[in-house]
Amino acid sequence: MATKPRVKVPKKAAAGDVITIKTLISHAMESGQRKGKDGNLIPRKIINKFTAEFNGATVFSADIEPGVAANPFIEFNVKVMESGTFDFKWLDDDGSEYTSSKEIAVE
Amino acid sequence: AALTGLSTSGIAFADEAATQAAIDAFAAGAEVGEGRISLTAPEIAENGNTVPISVDVESEMTEADHVAAVMILASGNPNPGVITFNFTPMNGVAAATTRIRLAKTQDVIAVAKMSDGSVFMDKKLVKVTIGGCGG
Amino acid sequence: GQWARAAARQELSQSDLLDMDAYGNVTLVHITDLHAQLMPVFFREPSINLGVGDAYGKPPHVTGKDFLDLYNIQPGSAQAYALTSEDYVNLAKSYGKMGGMDRIATVVNSIRSSRADNMLLLDGGDTWQGSYTSNMTHGADMVEVMNALKPDAMTGHWEFTYGVDRVTEIVDELPFPFLGSNIYDAEWNEPAFEGYKIFERGGVKVGVIGQAFPYTPIANPRWMFPNWSFGIREEDIARNIEAARADGAELIVLLSHNGFDVDRALAKRVDGIDVILCGHTHDALPEPLLVNKTLLVATGSHGKFVSRLDLDVQKGDVKGFKYRLVPIFSDVIEQDAEMTALVEKVRAPYSEELARELGTTDSLLYRRGNFNGTFDDLICQALIEERDADIALSPGFRWGTSVLPGEAITVEDLHNACAMTYPSAYRSEMTGKTIHDILEDVADNLFNADPYYQQGGDMVRVGGMGYTIDPTKTIGNRITDMTLLESGEKINPESTYVVAGWASVSEDVEGPAIWDVVEDHLQKNPVVALEPNRSVKVISS
Ligand SMILES: [Mn+2]
Ligand SMILES: [Mn+2]
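A quick note: this is a predicted structure, and the numbers were derived from the prediction, not measured.

Undergrad: Could you give me a rundown of the interface of chain A and chain B, with the residues and numbers involved?
TA: Between chain A and chain B, the contact holds 28 residues from the first and 23 residues from the second. Taken over both partners, the interface formed by chain A and chain B buries close to 2,100 Å², and the fraction arising from carbon and sulfur atoms is 48%. For the interface between chain A and chain B, the tally reads 0 salt bridges. Counting only elements with at least two residues in the side of chain A that touches chain B, the list comes to β3 (18–25), β4 (47–54), β5 (57–64) and β6 (73–79) of chain A. In the side of chain A that touches chain B, the residues fall into 17 nonpolar, 6 polar and 5 charged.

Undergrad: Tell me about the coordination of the manganese ion (ligand 1), residues and numbers included.
TA: Around a metal, the perfect tetrahedron of four donors has angles of 109.5 degrees, and the perfect octahedron of six donors has angles of 90 or 180 degrees. Residues and elements named next belong to chain C. The protein atoms that coordinate the manganese ion (ligand 1) are Asp33 (OD), His35 (NE2), Asp126 (OD) and His282 (NE2), at distances of 2.1 to 2.2 Å. The motif formed by the donor residues of the manganese ion (ligand 1), counted along the single chain, is D-x1-H-x90-D-x155-H. Separating the manganese ion (ligand 1) from the manganese ion (ligand 2) is a gap of 3.4 Å, bridged by aspartate 126, which donates to each. Classification of aspartate 33 by relative accessible area gives buried; the value is 0%.

Undergrad: Give a detailed account of the packing of aromatic side chains, specifying residues and quantitative values.
TA: Using the criterion set out here, one finds 32 aromatic pairs over all chains in the structure. Among the aromatic residues, ring-to-ring pairing joins Phe50, Phe54, Phe60, Phe76, Phe86, Phe88 and Trp90 of chain A together with Phe85 and Phe87 of chain B into one connected group. The ring of tyrosine 184 of chain C has arginine 233 of chain C lying over it, and the distance from NZ or CZ to the ring centre is 4.1 Å.

Undergrad: Please give an account of the nonpolar core that cites residues and values.
TA: Met101, Trp128, Leu149, Phe160 and Phe329 of chain C are the most contacted members of the largest nonpolar core, which totals 161 residues. Formed by 55 residues, the second largest nonpolar core is a distinct cluster that contains Ala13, Phe54 and Val68 of chain A together with Ile53 of chain B.

Undergrad: Can you lay out the sheet that holds strand β22 (residues 465–469) of chain C for me, pointing to particular residues and giving the numbers?
TA: Residue and element names in this part refer to chain C. Spatially, 3 strands are ordered β23-β22-β26 in an open sheet, and the strand pairing comes out mixed. Edge positions in the sheet fall to β23 (479–484) and β26 (536–538), since each of these pairs with one other strand and no more. Within this sheet the neighbouring strands show an average axis-to-axis angle of 10 degrees, counted without direction. As judged from the 3 bridges shared by β22 and β26, these two strands associate in the parallel manner.

Undergrad: Please give an account of a negative patch on the surface that cites residues and values.
TA: Residue and element names in this part refer to chain C. A grouping of Asp388, Asp390, Glu429 and Glu486 is seen on the molecular surface, where their side chains present a negatively charged patch. By the secondary structure assignment, aspartate 388 is in the loop between α14 (374–386) and β18 (391–396). Overall, the relative accessible area of 57% leaves aspartate 388 in the exposed class.

Undergrad: Describe the coordination of the manganese ion (ligand 2), naming the residues involved and giving the relevant values.
TA: All names here are of chain C. Looking at the metal site, the manganese ion (ligand 2) is ligated by Asp126 (OD), His157 (ND1), His257 (NE2) and His280 (ND1), spaced 2.2 to 2.3 Å from it. For the manganese ion (ligand 2), all donor residues lie on one chain, and their spacing in sequence is D-x30-H-x99-H-x22-H. Residue histidine 280 is classed as buried on the basis of its relative accessible area of 0%.

Undergrad: Lay out α14 of chain C in plain terms, naming residues and giving numbers.
TA: Residue and element names in this part refer to chain C. With 13 residues, α14 should reach 18 Å at 1.5 Å per residue; the first-to-last C-alpha distance of 18 Å fits that figure. A large share of α14 lies buried, amounting to 10 of its 13 residues. Where α14 terminates, the next one or two residues include aspartate 388, which has phi positive at roughly 50 degrees.

Undergrad: Account for the interface of chain B and chain C, naming residues and giving values.
TA: Between chain B and chain C, the contact holds 21 residues from the first and 45 residues from the second. Between chain B and chain C, the buried area comes to about 2,600 Å², and carbon and sulfur atoms account for 54% of it. Across the chain B-chain C interface, the total number found is 1 salt bridge. Across the salt bridge formed by aspartate 444 of chain C and lysine 127 of chain B, the nearest N and O atoms sit 2.6 Å from each other. Inspection of the chain B/chain C interface yields 11 residue pairs in polar contact (both at pLDDT 80 or more). For the side of chain B that touches chain C, the class distribution of residues is 8 nonpolar, 9 polar and 4 charged.

Undergrad: Help me get a handle on the sheet that holds strand β5 (residues 153–154) of chain C, residues and values and all.
TA: Residue and element names in this part refer to chain C. Across the sheet, which stays open at both edges, the 5 strands sit in the order β5-β4-β1-β15-β16 with mixed pairing between neighbours. Every interior strand has two partners, whereas the edge strands, β5 and β16 (317–327), have only one. Where strand β1 (residues 26–31) lies against strand β4 (residues 119–123), 5 bridges are found, and the strand directions are parallel. The residue bridging threonine 27 from the neighbouring strand is methionine 119, located in β4.

Undergrad: Outline the pairing of β4 of chain A, supporting the account with residue identities and numerical values.
TA: Residue and element names in this part refer to chain A. As paired strands, β4 and strand β7 (residues 84–92) are joined by 7 bridges and run antiparallel to one another. Residue pairing for β7: isoleucine 47 is matched across the bridge by aspartate 92. Pairing analysis gives 6 bridges linking β4 to β5, with the strands arranged antiparallel. The residue of β5 that forms the bridge with threonine 51 is serine 61. Turn length for the β4-β5 hairpin, with the two strands adjacent in sequence and antiparallel, is 2 residues, and the turn residue asparagine 55 shows positive phi of about 45 degrees.

Undergrad: Describe empty space enclosed by the protein, naming the residues involved and giving the relevant values.
TA: Where empty space is left becomes clear once a probe the size of a water molecule has been rolled over the atoms. All names here are of chain C. Per the counting criterion, the structure on display carries 3 cavities of 30 Å³ or more. Taken as a whole, the largest cavity spans an internal volume of roughly 170 Å³. Contributions of two or more residues to the lining of the largest cavity are made by α11 (260–269) and α16 (432–447). The residue inventory of the lining of the largest cavity, partitioned by class, reads 9 nonpolar, 11 polar and 3 charged.

Undergrad: Which residues make up the packing of helix α5 (residues 101–115) of chain C against helix α12 (residues 337–347) of chain C, and what values go with them?
TA: All names here are of chain C. Closest axis-to-axis distance for the α5/α12 pair is 8 Å, and the angle between their directions is 150 degrees. Taken together, the axes of α5 and α12 are roughly antiparallel relative to one another. Here α5 and α12 pass one another in a crossing that is right-handed. Where α5 approaches α12, its residues Met101, Asp102 and Ala105 are matched on the opposing element by Met339, Thr340 and Val343.

Undergrad: Residues and numbers for the pattern of salt bridges, please.
TA: Scanning the model with the defined rule gives 34 salt bridges over all chains in all. The partner of lysine 65 of chain C in a salt bridge is aspartate 69 of chain C, and the shortest N-O contact between them spans 3.0 Å. On the criterion of helical spacing, the pair formed by lysine 65 of chain C and aspartate 69 of chain C is a turn pair, its members being 4 residues apart in helix α2 (residues 64–70). A salt bridge links aspartate 444 of chain C to arginine 478 of chain C, with the nearest nitrogen and oxygen atoms 2.9 Å apart. Here arginine 478 of chain C lies in the loop between β22 and β23 and aspartate 444 of chain C lies in helix α16, a separation of 34 residues in the sequence. The buried category is assigned to aspartate 444 of chain C, whose relative accessible area is 3%. The exposure class assigned to arginine 478 of chain C is buried, which follows from its relative accessible area of 2%. Residues participating in the shared-partner salt-bridge network are Lys8, Lys22 and Glu75 of chain A together with Glu190 of chain C.

Undergrad: Can you lay out unusual backbone geometry for me, pointing to particular residues and giving the numbers?
TA: Residues and elements named next belong to chain C. A cis amide bond, omega 5 degrees, links proline 59 with the succeeding residue proline 60. Within the secondary structure, proline 60 is located in the loop between β2 (40–41) and α2. Phi angles above zero are rare outside glycine, and aspartate 33 is one such case at about 50 degrees. By secondary structure assignment, the location of aspartate 33 is in the loop between β1 and β2.

Undergrad: Which residues make up the confidence of the model for chain B, and what are the values?
TA: Residue and element names in this part refer to chain B. A residue-level look at chain B finds 86% of positions with pLDDT of 70 or above and a mean pLDDT of 89. A low-confidence stretch, residues 1–10 (pLDDT under 50), is modelled with 27 contacts involving residues beyond four sequence positions or located in other chains. Our summary of model confidence lists the complex with pTM equal to 0.95 and ipTM equal to 0.93.

Parameters and conventions
- Every chain is numbered on its own, with residues counted from 1 as its sequence reads.
- Note on labels: chains are lettered from A, ligands numbered from 1, in written order.
- Residues qualify for local features only when their pLDDT is at least 70, as the model is predicted, and side-chain atom pairs are given and counted only at 80 or more; totals for whole chains, interfaces and linings, by contrast, use all residues.
- Hydrogens and water molecules were not included; the side-chain quantities draw on all heavy atoms of the structure.
- In what follows, residue pairs with any heavy atoms lying within 4.5 Å of each other are defined as contacts.
- Summed over both partners, the accessible area lost on bringing two parts together, with a 1.4 Å probe, is the buried area.
- The term salt bridge refers to a pairing of a side-chain nitrogen on Lys or Arg with a carboxyl oxygen on Asp or Glu at a separation within 4 Å.
- Think of it this way: any DSSP run of H or I at least four residues long counts as a helix, any run of E at least two long counts as a strand, and we number them from the N terminus.
- Residue classes follow a fixed rule: Ala, Val, Leu, Ile, Met, Phe, Trp, Tyr, Cys and Pro count as nonpolar, while Asp, Glu, Lys and Arg count as charged, and any other residue, Gly among them, counts as polar.
- Each metal's donors are the N, O and S atoms found within 2.8 Å of it, except that Na, K and Ca use a 3.2 Å limit; water is left out, so coordination can look incomplete.
- For every residue, the accessible area obtained with a 1.4 Å probe (protein chains only) is divided by the maximum for its type, and the residue is called buried under 20%, exposed over 50%, and partly exposed between those limits.
- Think of it this way: a Phe, Tyr or Trp ring, Trp meaning its six-membered ring, pairs with another when their centres are within 6.5 Å, and the plane angle makes it stacked under 30 degrees, edge-to-face over 60, tilted otherwise.
- Cation placement over rings: the criterion is NZ of Lys or CZ of Arg within 6 Å of the ring centroid and within 35° of the ring normal.
- By convention a nonpolar core is built from buried Ala, Val, Leu, Ile, Met, Phe, Trp, Tyr and Cys residues, the set being connected through side-chain atoms within 4.5 Å.
- We call two strands paired when DSSP finds no fewer than two bridges between them.
- Between the N-to-C directions of two axes lies an angle of 0 to 180 degrees, each axis being a line fitted to C-alpha atoms and, for a helix, fitted only over the stretch in contact.
- Residues with no salt bridge and a relative accessible area higher than 30% make up the patches, which join like charges within 9 Å and nonpolar side chains (Val, Leu, Ile, Met, Phe, Trp, Tyr) within 5 Å.
- Surface accessibility follows the Shrake-Rupley procedure with a 1.4 Å probe radius. Residue values consider only the protein chains on display as shielding.
- Residues scored as charged are limited to Lys and Arg (positive) and Asp and Glu (negative), so that His and the chain ends carry no count.
- Lysine's charge is taken at NZ, arginine's at CZ, aspartate's at CG and glutamate's at CD.
- Multiplying 1.5 Å by the residue count of a helix minus one yields the expected span of that helix.
- Polar contact criterion, stated in full: a pair of N or O atoms within 3.5 Å, where within protein one must be able to donate a hydrogen and the other to accept it, and residues adjacent in sequence count only if both atoms are side-chain atoms.
- Using protein atoms alone on a 1 Å grid, points that fit a 1.4 Å probe yet trap it form a cavity, whereas open point sets bounded by protein on both sides within 12 Å along at least five of seven lines form a pocket; residues with an atom within 4 Å of a point count as lining.
- Grid points are joined across faces, edges and corners, and a volume is the space filled by probe spheres set on the points.
- Oblique is the label for any angle not under 35 degrees, not over 145, and not in the 65 to 115 range, which are roughly parallel, roughly antiparallel and roughly perpendicular in turn.
- Handedness of a helix crossing follows the sense of rotation of the near helix relative to the far helix, less than a right angle counterclockwise being left-handed and clockwise being right-handed.
- Confidence scores per residue from the predictor, reported as pLDDT, run from 0 to 100.

The structure is reproduced here in structure tokens:
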């Protein structure tokens, strides 16, 4: 499965609005607790960290464990005061980093 | 009839001590209070592999007084730790939603830590059922 | 009501059943759980319907003679026949079938003729499923007939078992809203259906919030509608009440498919609902139940009843109400000619098959009740014999019509008990422990002391085995003494048994359709005679 993040951020908002951001990333979130057909544990491979930055400052993050479901979904809010760019980052156990960016126009 | 084959045999589950230890470490010595935080979760999971949960903490979310983090625990999973949301005043409101795994019927626990170090907890019993005989 | 005093069929008249002086400014007309019954039917109400926790001994958990006493109903009366199982067969012969869409149309049109500008017609769901013709047409017969009745809104449950594509196709074309405040898109966590709608009637803005069956993806196959997530979501109901009030709603109506006990708990926990129109658990109550400031209306099922609730709403407050549970006695209420023609039209392609006789029965065949009904016993017998099994499991659905002793069992009768989109009869090996786990799981969905953890079905029916149940206990501790009936042996947790069943919620279940299994069985055993089932023993601690 290709690891492809998807994000919903409103395109525009008024200054002071609390907007809702929704993020999804396709990922099996192999827990490390499951046994394969050969009876051995399948090694853990999960998204272990999610970070959201706005204009370079971290606004929200999550430390993730195997108890989060496959295709991690995270929804949170941001109070926007100015236009700018959101940068989202997902960190995989194997060291890979997946990213996505969204612009918002604030009036 | 009911046949979804939810097999949990052979998995060691977290015990209460592990859950309590996780809460203690997060609280860092603060007393764990009730109120301010509310956890929303279904009474019965539609699918134990992906259970939607939300947390909401009462807070003005100012620089001086905000929610620093909310930790979610599943007391009946192999490991109780699920996710920790780290908030900043820029969130405006301290709320978050995700989807979690529940191996069996259990309490889901949400613990909030405020910027002043105070700690609040809420929990909800989520039933994981075989299902399929209703109507 | 007036009709209760009529002691026999010949003394009942349509005006006894219908006439009611209009009251107030809003009239709610409620129908629910039709289960696709276009024609008049026999439907025996439960003789056992146990309540647990706060619901213990309270309506609708009152049956038989206790029900007659509670509501001061004369034994043998029309009301006794319509509302209880007491002396059912005799009274059925005397009072005849109930329901039928053409009679319902007469009632609805009669109310509409005097209250058109005040009336809302609301359908509580479980409307499109439950008959041979609805299964063959994927609900199209019911959609066409209901559209002709012109409801103002509906919600749903079994509707979803036609699958996400079919449901979306129908809902997009409906001339009225399909409301579901508690249905979310499972991927993005966003409302998937309209949650509420404001109607103006009699100068009053009425906010109708729809609540689909919260446990649809658990009680029915989730894989058929993976896009949708349900749940009770009382915080969404509260939010929609607030939104509707902000839109000017002066009366809040919850069109609910929660099940009665869930609605009773909800009325205590969520403020601001004036009326809950209850569905799903198929209860029929002759008067509304008042919980705090909320009126709960229970309209029964299978077209047996239509509820009429007249309300006087002033400045956002209900000042008073008048209620009539209208029983649809098919021999008393006139047929609406247009609706008769429409029903005939949608049934015509199947009329020969519907009437085909599969056997006859010497025993009353019925399903409704917490434990085995005789129609389930017949299905279980067929499963054991045709699928060569030790044990049969048959789901505790609350739908399915009754067949009187001495009557033929037709294709229509059989399908009324099993028409669905996942009818495969499986055959699998299970350990005694697995069987115990299943019974415990289902028992907890029925008898959990907290109604929010109940699913509203009855207990799974068993064939070839018996057990003892204590509903007052907790999960894992209710079911004891599981015994094989033939040998009298205790069921061993470690041993393996061949189990046949149907309506599994799993995907890719293999086996013949349940109606074919029962038909094959009836071919070899064309006269059904069933002893009363005493294999389930109910105890209470
Ligand atoms: Mn129903
Ligand atoms: Mn239902």
